[in-house]
Amino acid sequence: MPRKRGKEEEDSFVDLESHPEDEEVYLRNVKITVNDGDENENEEESSEEEESGEEEEEENEGEQVVELPALMDVVPLDDSASSENQKGKKFDLRSSQSEIDNFRRIHSNSYEDGKNRNVLKKFPNNSVSTTKYTWWNFIPKNLYEQFHRLANFFFLICAVLTLVPGITNITPVSSISPLVFVLGVTALKEAYDDVKRTQGDSEVNNTKVLILRGGEWVTMKWKDVEVGDILKINGNEGFPVDLLLLSSSLSNGMCYIQTANLDGETNLKVRQALPDTNSLKTTKQLSAWRGVVECENPNKDLYNFDGRLSVPSKKNALSLSITQLLLRGCVLKNTQFVIGVAVFTGKDTKLRQNSRDPPTKMSALEKEMNKSLQSLFVLLFVACVFCSIGGVYYFMDDSYWYLRYGQHRARDAIVEFLKNIASYAILYSYMIPISLYVCMEVVKLFQTFLLENDINMYHEESDTPAKAKTSNLNEELGQIDFIFSDKTGTLTSNEMELVKCTIEGKVYVVGDTISEEQQHQNESKPASSPADAPTKHHFHSIEGDFEIEEFPEEVLSKQLNGNENSTEREFFNLLAVCHSVLPEVNSQDPTKLEYQASSPDELALVQKAANMGFVFKKRTFDTVTVEVNGKEEVYKILNMIDFTSSRKRMSVICRGPDGKIKLYCKGADSVIAPRLTEEESILFKEKTNVQLEYFAAEGLRTLCCAFAELDENSYQLWNEQYERAASSIQDRKNKIEEAAEMIEQNLKILGCTAIEDKLQVGVPEAIHQLRRAYIKIWVLTGDKQETAINIGLSCRLLTGVSLVTLFQDQSNPVINFNSVREQLERCLAQIEEMKDKTEEYGLVIDGECLKFCLDKKTDQGLQPLFMKLALRCKTVICCRVSPSQKRGVVRAVKKTLPLARTLAIGDGANDVSMIQEAHIGVGILGKEGRQAAMNSDYCIAQFRYLANLLLIHGRHSYIRTSKLVLYSFYKNAVLSVCLFLFVCSSLFSAQNMFDSISLAGYNVAFAAFPIVLLAVLDQDVKGEQVFIHPKLYEAGQKNEHFSTKLVWLWFCYGIIHAVIIFIGTLMWFDFGVVMEDGSAYDYWSLAIAGFSCLVVVVNLKVAVDTTYWTWMNWVGIFGTILFWFLYSIIFTAIPSVSGQEYYVTQHVWQAPSFWFYLVIIAFICLIPDITWKYFCRNYLPSGRDIVQEMQMEGREERKRLRLRGFVVKKPTVMLLPLDKQVGGTGGDSQKKAHMGFAFAQDDKTSAIFSDSLGSLLKKKMQSRRKKKEERKARKKQAKKDEVIIIT
C-alpha cells in the first residue's frame, strides 16, 4: 500500500501546483517513486528485490518520498486508483529524464494570471506551412531537383562546355536555350503549385477564432493560438488546433464533428466533455479555472488519446480519452458552440503528424523509357569516342597538315582527343530527347482532363465525376493484369437493411425484400394455410442436410407484445442499447428522429429495432433512453467498450430499468462463440451455427448478439481494474482490452442478425468485361467463406469455374502450418490431374489459412506454394482477411510476378494499405467515407466505371504515350545521325551540319506540336469497339506497343531516314545547280535544304501514324511544316540575325531541283512505312486492324442510312448486358436460389454478346476474299460485255 502524504508533503504539493517556477528547487530535495499502474508486475518480483527495496527505504528514511503514476511529471498526483496495493520502483531524477520526456504537461489558462508557464516548454506555434519552397530557396532547390534527371544534368554539362572557346562551333545559345526552356516550364509548374499552397496556408493561418484573454473573448488569428489557450468554436467552424473539450452548448456536454478532412469519414461523430468540466461556460468561470493536462506526446494515432486532467476541485486526476479530443481539420456540426483547451498546435497536431507525401509510383513504361535513355547515353559515348579517334587520326596524318598548327607531338594528340570528346558530346547531345519529359507532362495533363470530363464515368445521383489524383500512371491503366477488390461498398452499394434474424433457434424474416424462391413457395402454399405459417427451406452444409423454417414478421411481433421477459425483447433491447449511434430531431419534422452512425451496419440494426417498437430516443453522459410501446425506459450506461479490429466486438455494461446490471455484447461469431457458457456453446453449434451458414449462403452479413447478468460485487471489483486501465497513460488500449476480456465471459446467446447489402448496378457486367480483357480479379473481403462464395456467384466472378477450397470436407478442421501445407498440396495435385481438360478453377481461402500462407518467419514458407495454386486459378476470393493480409496478398503477387501490373480498389479505411501497395490504387467515393479515395491514385463513384477507366482511358493512354516516346527517340535519331554522317564526311572535324538556332528549335518548335496532338487525341479504335472486343486490351498487358526492342527499332528507322535525307541532300548538292549570278550553292544552302527535308519527313511520319484525324491534327502537322518555311525565309532575310545564312533560303527556293528532291526524299522515306502498313493490314491483319475495318464499314453504313433519310445516332460507350446463357459452376449451383438478397441480380436481363474476335477475324477474311472474287467476276463480265459490244 502506498503511504499517505504528511502535512508537509501536502503543503509542498499545493505550493508546487501554484508556483511551478519552484519546480527545479523542489526536485533537488525529492526522490521520486514511479508507480507503473500494473499491480500484477509486483507479484512477479523476487524476494531478493523486495529485500533490497526495504533496505533502500531504510536508507532513505530521512528523505522526502513521493509516489507518482508511471510517465507522469514530477508534480505528485494522489492517484489512489492506480497506486493501490502496488510497490513503486525508485530511481534518481537524472535517470528518469527519458521517461519524463514521454509526455507533455500543459497549464491551461496561463495567460489569465499573468504568467504563461507553457512558454518554457517551447511548444511550436500554430502557423502551418505546406509549401515546398520559400522565396529565397526556390531557384536553388528547384534546379537541384531537376538536375537529378540524367538528361538535364547532361545538357547542363554540354551548355557549360559551349562557353569554353575552341571546343565547338555551336553557339552557346543553341545549347542553352532548350535546357532553359525545359527547366523553365517545369519550374513554372512547380512555382504555380507552390503559390497555390502558399495562398491556402495564408488563408488558413489568418482565419479568425475566439480566445479567452483578460477575462473576455478576443478575436485572434489561428496562427496566434498557443498551447494552453482556452478557445470558443462556434457551429460550422473548423478547429484551429487539437482541443481538449471542456464544455459544449448541449446540456449533456456532447458535440458533433465531421472528420472528412482528417480521415475521409463523412458521417458525424460524437465527442463528449467530462461532467466535471461541462459546467464551465461563462467567461468568469473559465477565467478563474486552472487545470493541468498531462498527456501523451504528439503522434499519428487518430483514434486513441491517453491523458489526465488535474483540477483544483478534484483530489484524483480525471482520465482523458479520444472522446474529449477535438482534432484540427474537423468541423463542428449541429452544435452551437464548444469550449476547449489547446493541447497540440502547429506541427504537433494529429493532422500535421499524418500529413505525408503519398508513395512515389512510376509506370512500367516510364521505367523502360529511362532504361532506354541510359542505353542512349552509352551509344552517345561510343559515337563520341569513335569520332574523336577519327579526328585524332586525321590530325596526326601529315597529309592533312593544314588541320593543325606547327609540329605535332603525342601530348597534342591526347589534348586533341579530349577536346574532340567534349566537342562531339555537345554536337551529339541532340541524340537525347530533352523535350520528352516536358511533352509527357503536357500530354498526361490533357489525358487527365479527358478522363475527368468523361460523361460515361459521371455518377449523376451523387454528382461525382471521376478524379485523377496523379497523371504519372495514366498509361499504367492500360497494362493491368490483376485487380484486387474490396467487397462492401466496392462491389456492393453499402445500403444495409436487417432482413432476417434468428432468436432461440427460430429464423424470422423482418425485411421487406424476399427472394423469388420464397415468393414461389408463398404462391404455392395452400389457401387454407395460416398467414403466420413458416416457410420451409432445404439447406445443405458440410455437416449435412437441414430444413430451415422461416417465420414471418407477424410471429415475432406477437412474441414481442407478449411476455416482457422474453428472449425476443432482450434481443431488441440489445440492438437499441448496444451501439454508438446518435439520435437527432429532424429539422423539418420535429416528431421524427434521424440517426447518425459510424457504420451502416449499426444504423440498420438501430433502425430495425425502432421499426419493431424499440425506439432509441436519447443519449446523455451516462444514459440511453429507449421507448418501448410508448413507454420510455432509461438504461444507465456504466461502461462502453468500443469495437476494434482486434476485438471484433462491442460491449455495453448498463443498469436497466429493473436495476439489474447487464452486459450486452455483439460481434462476429468467431469471437462470440468461445465466450459462451458450455451449455450455450452446445446449443450454438446445434442450431445457431447452421442458421449462420444459411444466412451466409444467401450473401447476408451476420452478427451474433449475447448478454450476461452481472452481480453487484463482481462488477465493482472488475470496474476498479477497468478504471485503472482507462486512466493509464501508457499502453492504455491493450490494458482496456485485457480488462474487457475478463468480463466478456460466460455469455448467453440471444440471437443473430442477417443484414442485406445489395450489389451495385453494373458490377456483373463490368467484371465480365474485365475478365474478357484477360484481367484476373481477386476479391478480398472480411466476410465468412459462405458469404464470399455467394459474392462470387452473384457478381459472376465464379461463373464457369470449379471451386477449390481448403478443408472442404472437414467441419471442424485443425488449422496449422502443416495442415495448410497439406491442403495446398492436395488442391494443387487435384488441378494438375485435370490440367489436360479445359476446366477452370476458382480458389476460396480464408484469413486463418492465409495467415500461414503469407507468413515469412517460417523457414519453409507457404507463400510460393500458395501463389502457385492461386495463379493456376482463374479467380481468387480471400475471406475473413485483415487490412494487413490484403496488403500481403498484393505484395505476394508483385513478388511472384514482377512484370505483372496490379490494381487495388476499395472504399474504406481498411483498404488503404492494399491501395498503396498496388501499382495503381483506385478509391470508391462511397458511404464508408473517403479515406480510401484520399490515399488513391484515381477516384470513381461506382465499380462499373472501372471498365471505362481501364479499357478506354487506360488503353488509349498507353498507346498514345507509347507513340510519343517512340517518336521522340525516332526524331532525335534522324537529327543526330545526320550530324554524325556529316562529321564522317568532313574528316571528323566536329563541324555542325545545320545552323545553331534551327537546332535549338528542333525539339521545341519544329517537331513537337504534331506528336503532342497525336498523343492527346489519337484513337486507334472507338471506345464502344473496345467494349465489344475487350481482347484489344491484351496489347498493353503484352507490351506490344512499347518495349526496349521497339525503341531501338524506331531508332534504327530514324537512322535509315537520316541516311536517306543526308544522301539525298548531297546528291542535290552534287547536282551542280547554280544561282542566278552563276555561283554554286554553298555549305549553308546544304544546311537549309537538309533541315527542310528533315522537318518535312519527321512531321509527315506523324501523319502516317495518325489513325484518328481531327482539324487540330491537320493544323498541327502541316502548320508546323509551314511554320518552318516561314521562319526560314524570315530568319535569313534579317542580316543582323542570319549572319552567313543571309538570303540563303530565298536562293535555295529558287531552284526547282530543291523542291523535286524534297518530294523525292520524303517519298522514299515514308513509302516503305506506308507499304508495310498496307501489307500487314491486308495480309497479316491484327485484331485492331479488323476492328478498324468494321468501324469504317459501320461509319459508311450510317452515312448511307442518313442519305436515305434515316435518323442514325452514334454508338455510345456502355457495358453490355450479360448473356443469359453464361453458366455457373455446373448443375444446380448455377441457379441463383436466393434472389432479392445481397448481391442478387436479375438473371433475366440478358443479350447475346458479339462473336469472339477470332471468329470476327475469320469472317472478315472471308468477306475480303469474297469481295475480291466479286471484283474479278465483274472485271471478267465487263470484258465480255466489251467484246460483245465491239462485235
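See the structure shown above.
Criteria and thresholds
Residues numbered from 1 in each chain as written. Predicted model: local features only at pLDDT ≥ 70, side-chain atom pairs only at ≥ 80, totals over all residues. Heavy atoms only, no water. Helix = DSSP H or I, 4+ residues; strand = E, 2+ residues; numbered from the N terminus. Buried < 20%, exposed > 50% of the residue type's maximum accessible area, 1.4 Å probe, protein only. Contact = heavy atoms within 4.5 Å. Areas by Shrake-Rupley, 256 points an atom, 1.4 Å probe, with all protein chains shown as cover. Core = buried A, V, L, I, M, F, W, Y, C linked by side-chain atoms within 4.5 Å. Pairing = 2+ DSSP bridges. Phe/Tyr/Trp six-rings, centres within 6.5 Å; stacked < 30°, edge-to-face > 60°. Patch = residues over 30% accessible without salt bridge, like charges linked within 9 Å, V, L, I, M, F, W, Y side chains within 5 Å. Salt bridge = Lys/Arg side-chain N within 4 Å of Asp/Glu carboxyl O. Lys, Arg positive; Asp, Glu negative; His and termini not counted. Charge placed at Lys NZ, Arg CZ, Asp CG, Glu CD. Axes fitted to C-alpha atoms, helices over the stretch in contact; angles between N-to-C directions. Parallel < 35°, antiparallel > 145°, perpendicular 65-115°, else oblique. Nonpolar A, V, L, I, M, F, W, Y, C, P; charged D, E, K, R; others polar. Expected span 1.5 Å × (residues − 1). Polar contact = N/O pair within 3.5 Å; in protein donor to acceptor, adjacent residues only side chain to side chain.

This brings us to the overall build of the protein chain. In terms of helices and strands, the protein chain carries 44 helices and 38 strands. Burial analysis of the protein chain (1287 residues in total) assigns 52% to the buried set. Partitioning the contacts of the protein chain with sequence separation of at least 6, the portion at a separation of at least 24 is 74%. Accessible area for the protein chain stands at about 60,000 Å²; split by element, carbon and sulfur atoms hold 55% of it.

For Ser968, the position within the fold is in helix H32 (residues 945-985). Assessed through its relative accessible area of 3%, Ser968 is described here as buried. Ser968 has contacts with Pro433 and Leu436, leaving out every residue within four places of it along the chain.

Even without a glycine there, the phi angle at Lys648 is positive, about 60°. For Lys648, the position within the fold is in the loop between strand E27 (631-641) and strand E28 (649-655). Exposure remark for Lys648: the relative accessible area of 38% places this residue in the partly exposed category. The phi dihedral of Asn746 falls on the positive side, at around 55°, and the residue is not glycine. With respect to the element layout, Asn746 can be found in the loop between helix H23 (732-743) and strand E31 (748-759). Judged by its relative accessible area of 58%, Asn746 is exposed.

Moving on, we get to the nonpolar core. Burial of nonpolar side chains together is a common tendency in soluble globular proteins. By size, the foremost hydrophobic cluster in this structure holds 108 residues, and its most contacted members are Tyr424, Tyr428, Ile432, Phe994, Ile1061, Phe1091 and Leu1094. By residue number, the principal contributor to this core is H32, which donates 16 residues. Leaving out residues up to four positions away in the same chain, Phe994 has contacts with Leu975, Cys978, Leu979, Leu999, Tyr1083, Ala1087, Gly1090, Phe1091 and Leu1094. Within the second largest apolar cluster, 50 residues are counted, among which are Ala766, Ala788, Leu797 and Tyr1033.

What follows is about the sheet that holds strand E5 (residues 208-213). Across the sheet, which stays open at both edges, the 6 strands sit in the order E6-E5-E7-E16-E8-E14 with antiparallel pairing between neighbours. Of all the strands in the sheet, the pair left with one neighbour each is strand E6 (216-221) and strand E14 (325-326). In this sheet, E6 lies alongside E5 in antiparallel orientation, the contact comprising 6 bridges. Pairing of Arg213 across the sheet is with Glu216, part of E6.

This part covers the packing of aromatic side chains. Using the criterion set out here, one finds 42 aromatic pairs in the structure. Where Tyr715 meets Trp718, the ring centres are 6.1 Å apart and the plane angle is 40°; that geometry is what we call tilted. In this pair, Tyr715 and Trp718 are both assigned in helix H22 (residues 712-726), 3 residues apart and thus about one turn of the helix distant. An angle of 80° between the planes, with centres 6.2 Å apart, marks the rings of Phe1006 and Phe1091 as edge-to-face.

Together, Arg1265, Lys1268, Arg1271, Lys1272, Arg1274, Lys1275, Lys1276, Lys1279 and Lys1280 give the surface a local cluster of positive charge. Mapped onto the elements, Lys1268 comes out in helix H44 (residues 1253-1286). The class of Lys1268 is partly exposed, set by a relative accessible area of 31%.

The subject of this paragraph is the pairing of strand E19 (residues 492-503). Counting buried residues in E19 gives 10 out of 12 residues, a clear majority hidden from the surface. Sheet topology places E19 next to E31; 8 bridges connect them, and they run antiparallel. Its bridge partner lying in E31, Leu498 is registered against Ile755. In this structure, E19 lies alongside strand E20 (residues 506-509), joined through 4 bridges in antiparallel fashion.

A few words on the packing of helix H13 (residues 364-396) against H32. One way to put it is that H13 packs onto H32 with a least axis distance of 12 Å and a crossing angle of 5°. Accordingly, the angle class assigned to the pair H13 and H32 is roughly parallel. On H32, the residues touching Leu365, Met369, Ser372, Leu373, Leu376, Phe386 and Cys387 of H13 are Tyr958, Thr961, Ser962, Val965, Phe969, Phe980 and Val983. Here the residues of the contact of H13 with H32 sort into 11 nonpolar, 3 polar and no charged.

This brings us to the sheet that holds strand E18 (residues 482-485). Strand order in the open sheet made by the 9 strands is E17-E38-E37-E36-E18-E32-E35-E34-E33, with mixed pairing throughout. Looking along the sheet, the strands with just one partner apiece sit at the ends: strand E17 (467-468) and strand E33 (802-805). Relative to strand E35 (residues 875-879), strand E34 (residues 841-846) runs parallel, the two sharing 5 bridges. By the bridge assignment for E35, Ile845 is matched with Cys878.

Turning next to the environment of Phe417. Tracing the backbone through its elements, the reader meets Phe417 in helix H14 (residues 410-427). With relative accessibility at 27%, the residue Phe417 sits in the partly exposed group. Linking Phe417 and Cys387, residues 30 residues apart in sequence, is a C-alpha distance of 9.3 Å. Contacts of Phe417, omitting those with residues within four sequence positions, involve Val385, Ser388, Ile389 and Val392.

All right, on to helix H19 (residues 600-611) then. Its 12 residues give H19 an end-to-end C-alpha distance of 16 Å, which sits within 8% of 16 Å, the value for a rise of 1.5 Å per residue. At the C-terminal side of H19, Gly613 shows a positive phi close to 105°.

We now examine the pattern of salt bridges. Applying the stated rule across the entire model yields 39 salt bridges. Its salt-bridge partner being Glu627, residue Lys617 comes within 3.8 Å of it at the nearest N-O pair. Pair noted here: Lys617 is in strand E25 (residues 614-619) and Glu627 is in strand E26 (residues 623-628), with a separation of 10 residues, a long-range link. Salt-bridge contacts for Glu840 lead to Lys874; the nearest nitrogen and oxygen are separated by 3.0 Å. Taken together, the residues span a long stretch of sequence, with Glu840 in the loop between helix H26 (817-833) and E34 and Lys874 in the loop between helix H28 (863-872) and E35 at a distance of 34 residues.

With that out of the way, let us pick up the pairing of E26. Extensive coverage of E26 is indicated by the burial of 5 of its 6 residues. In this structure, E25 lies alongside E26, joined through 5 bridges in antiparallel fashion. When the bridges of E26 are listed, Val615 appears paired with Glu627. Remark: 3 residues form the turn of the hairpin made by E25 and E26, two consecutive strands paired antiparallel. The pairing of E26 with E27 spans 6 bridges and is antiparallel. Looking at the pairing, Thr623 lines up with Lys636 of E27. The hairpin turn running from E26 into E27, its antiparallel successor, is 2 residues long, and Asn629 in that turn takes a positive phi close to 55°.

This paragraph deals with the environment of Tyr424. Among the structural elements, Tyr424 can be located in helix H14. On the basis of relative accessibility, which here comes to 0%, the residue Tyr424 falls in the buried class. Ignoring any residue separated from it by four or fewer positions in sequence, one finds Tyr424 in contact with Cys384, Cys387, Ser388, Val983, Phe988, Ser989 and Ala990. Of the polar contacts made by the side chain of Tyr424, one reaches the backbone oxygen of Phe988; its length is 2.6 Å.

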